[in-house]
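In case you want the letters, here they are:
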Amino acid sequence: MLKYIIIAFLVCSLVDFLIIVFSNKLSIGLDKINNEPQKFHKSLTPRLGGTGIFLAFLVISFLLFVHRKESDFLLLALCATPAFLVGLTEDISRKVKPIYRLLVITLSAGLGILFLGALLNRLDLGVVDKLFSFKAVAVIVTLIAVSGVTNAFNIIDGYNGLASFVSIIIFLGFAYVAFKLNDMYIVYVCFAMIFSIFAFFLLNYPLGKIFLGDGGAYFIGFIAAEVAVLIVVRHKQVSAFFPLLLCIYPIFETIFSMYRRKIIKKSSVGKADALHLHTLVFRRMTPLFIGSNPEKILYRNSMTSPFLWVLTVFSALPAILFWNDAKVLIVFSIIFMFIYIGLYWSIVKFKISRIMKFNKSNKL
C-alpha cells in the first residue's frame with residue numbers, strides 16, 4: 001500500500017504545480033484581490049489546489065481497483081465527486097449559491113449511505129439511540145451530520161495552511177484508532193488523504209502559492225465525515241463522540257458562527273464576515289509579533305494558522321486517548337467549547353489601541 005500512498009503524494013504535487021504554472025496564463029480559478037471580508041492575500045492566486053488532492057485519491061482508487069480488485073476506495077471517491085465538483089464549479093465561476101452547494105453535498109452524503117453503508121446507527125445518548133431504529137431518522141441525522149461536517153472544513157479554510165494541516169491532524173487521529181481496531185481500509189484512506197493533503201500543504205504554506213478552494217475543502221471535509229461515520233458504524237466499541245471531539249474545531253467554529261451571525265448580529269447565517277476566530281487571531285494577535293505593516297500581510301497570514309493547529313491538537317489528543325469512553329469524550333468536548341468561547345471573547349475585547357485599529361468597525 002505504501003507505493004499507492006507515494007503515488008498520491010506525487011500526483012497531487014504534479015497537478016497542483018501545473019495549476020500554479022498555468023492558472024495565471026489561462027485566467028481560470030484565480031482568487032482575485034477585492035474588498036471581500038475574507039481576503040487576506042496580495043496577489044492573484046489559483047484556488048484550485050483541491051483538484052490535486054481529488055485526482056490523487058481518484059488515481060489510487062482506480063489503481064487499487066485494477067490491481068487488487070478493491071472497490072471500496074473507488075466507491076468512496078465516486079460518492080465524494082458531486083461535493084468536489086460543485087465546489088470546483090464555485091471556484092471557477094463564483095456563481096453557485098450556497099443552498100445549491102449544500103444540496104449537492106447532501107447528495108454525496110446520500111450516495112455514501114447507498115453505496116458505502118455510511119449510515120449512523122447511534123449517538124451514544126441512551127434513549128435517543130432508540131430513535132435510530134427508524135431508518136428515516138438515521139438517514140436524516142446522517143445527511144445533516146455529513147453535510148454539516150463537509151461545510152465546516154470550508155468554513156475554516158481562511159489562511160495559508162490552516163484547513164490543510166488541521167485536516168492532517170484529524171486524519172492522523174482517525175488512522176491511529178483505526179489501526180488499533182485493525183481496520184486497514186480506514187487506515188489506508190486516511191494515509192492516502194494525509195499524503196495528498198501534505199503535498200498541497202507544501203505548496204500552500206507559508207507562501208500561499210495555491211489555495212485549497214471550495215472544491216478541495218468540500219472533498220476533504222466529505223472524506224473526513226464519511227470516515228467518521230464508518231468508524232462508528234463498523235466498530236461498536238468506538239464512541240460516537242470520538243469523531244465529534246476529533247473534528248470539534250471546524251464543527252464548533254461553524255455552529256458558533258451561525259449563532260453569532262443570527263442571534264448577535266441579526267443577519268443571515270450564510271453572510272460572510274471577518275469575525276471568525278482565525279480572522280480575529282490574524283487581525284489582533286499576529287500584529288503583536290511582527291507589527292501591522294501592510295507589506296507584512298503574507299507573514300501575518302501564515303503566522304495565524306499555528307495558533308489554530310495547537311487548538312486542534314488540544315482536542316485531538318484526548319479524542320485518540322479516550323476514543324471508547326463516551327463520558328470522558330463529552331467532558332472534553334464541553335471543555336473545548338468553553339476554551340473556544342473564552343478565547344474568542346478575550347480576543348474580541350482586546351483593548352490595546354494599536355491592535356484595535358484594525359477592526360474597530362467589527363465590534364460585537
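The shown structure was predicted, so the numbers you read here are calculated from the model rather than taken from an experiment. (Residues numbered from 1 in each chain as written. Predicted model: local features only at pLDDT ≥ 70, side-chain atom pairs only at ≥ 80, totals over all residues. Heavy atoms only, no water.)

Student: Sorry, what's going on with the overall build of the protein chain here?
Tutor: A count of helical and extended segments in the protein chain gives 15 helices and 2 strands. Relative to a compact globule of 364 residues, whose C-alpha radius of gyration would be 21 Å, the protein chain shows 20 Å and is just as compact. A principal-axis box enclosing the C-alpha atoms of the protein chain has dimensions of 55 × 50 × 35 Å. Residues counted as buried form 52% of the 364 residues belonging to the protein chain. The long-range fraction of contacts in the protein chain, counting pairs at least 24 apart against all pairs at least 6 apart in sequence, stands at 74%. Of the roughly 16,200 Å² that the protein chain leaves accessible, carbon and sulfur atoms contribute 70%. Here the protein chain contributes 36 positively and 17 negatively charged side chains, and the mean placements of these two sets differ by 9 Å. (Helix = DSSP H or I, 4+ residues; strand = E, 2+ residues; numbered from the N terminus. Rg over C-alpha atoms; globule rule 2.2 N^0.38 Å. Buried < 20%, exposed > 50% of the residue type's maximum accessible area, 1.4 Å probe, protein only. Contact = heavy atoms within 4.5 Å. Areas by Shrake-Rupley, 256 points an atom, 1.4 Å probe, with all protein chains shown as cover. Lys, Arg positive; Asp, Glu negative; His and termini not counted. Charge placed at Lys NZ, Arg CZ, Asp CG, Glu CD.)

Student: Help me understand a nonpolar patch on the surface, please; the structure alone is not making it clear to me.
Tutor: Together, Leu14, Phe17, Leu18, Val21, Phe22, Leu26, Ile28 and Ile92 make up an exposed nonpolar region whose accessible area comes to about 720 Å². A per-element tally of the nonpolar patch places helix 1 (residues 2-26) first, with 6 residues. Positionally, Leu26 belongs in helix 1. Taking relative accessible area as the criterion, Leu26 reaches 56% and is therefore assigned exposed. (Patch = residues over 30% accessible without salt bridge, like charges linked within 9 Å, V, L, I, M, F, W, Y side chains within 5 Å. Salt bridge = Lys/Arg side-chain N within 4 Å of Asp/Glu carboxyl O.)

Student: Hey, could you run me through the nonpolar core in this one?
Tutor: Where a protein is soluble and globular, its nonpolar side chains tend to be buried together. If you look at the biggest cluster of nonpolar residues, it comprises 107 residues, and the most contacted ones within it are Phe171, Phe174, Ile223, Ile231 and Phe242. Residue contributions to this core peak at 13 residues, all from helix 8 (residues 213-234). If near-sequence neighbours (up to four positions away) are discounted, Ile231 is found in contact with Phe174, Val177, Ala178, Leu181, Ile186, Val238 and Phe242. (Core = buried A, V, L, I, M, F, W, Y, C linked by side-chain atoms within 4.5 Å.)

Student: Honestly, the packing of aromatic side chains in this entry has me stumped. Any pointers?
Tutor: Centre-to-centre distance and the angle between the planes together describe a pair of aromatic rings. Per the counting criterion, the structure on display carries 25 aromatic pairs. Each ring, one from Phe84 and one from Phe219, has its centre 6.5 Å from the other, and the planes form 80°; the classification is edge-to-face. Taken together, the residues Phe84 in helix 3 (residues 72-93) and Phe219 in helix 8 connect sequence positions 135 residues apart. The two residues Phe84 and Phe219 agree in class, both being buried. Taken together, a centroid distance of 5.9 Å and an interplanar angle of 15° make the contact between Phe322 and Phe332 stacked. Of the two residues, Phe322 sits in the loop between helix 13 (297-321) and helix 14 (326-348) while Phe332 sits in helix 14, which places them 10 residues apart along the sequence. According to the relative accessible area criterion, Phe322 is partly exposed, its value standing at 30%. With relative accessibility at 25%, the residue Phe332 sits in the partly exposed group. (Phe/Tyr/Trp six-rings, centres within 6.5 Å; stacked < 30°, edge-to-face > 60°.)

Student: Help me understand helix 10 (residues 248-264), please; the structure alone is not making it clear to me.
Tutor: One turn of an α-helix holds 3.6 residues; hence residues three or four places apart share an orientation. Among all positions of helix 10, only Ile248, Tyr249, Pro250, Ile251, Phe252, Glu253, Thr254, Phe256, Ser257, Arg260 and Arg261 are buried. Phi turns positive one or two residues past the end of helix 10, at Lys266, with a value near 55°.

Student: It is not clear to me how the pattern of salt bridges should be interpreted in this structure. Could you clarify?
Tutor: When charged atoms on two side chains of opposite charge get close, those side chains can pair. What the rule picks out here adds up to 7 salt bridges. Between Arg47 and Asp91 there is a salt bridge; the shortest N-O distance is 2.9 Å. Of this pair, Arg47 sits in the loop between strand 2 (45-46) and helix 2 (50-68) while Asp91 sits in helix 3, and the two are 44 residues apart along the sequence. The class for Arg47 is buried, based on a relative accessible area of 7%. On the basis of relative accessible area, Asp91 is assigned to the buried category, the value being 2%. One salt-bridge network, in which partners are shared between bridges, spans Arg47, Asp91, Arg101 and Asp214.

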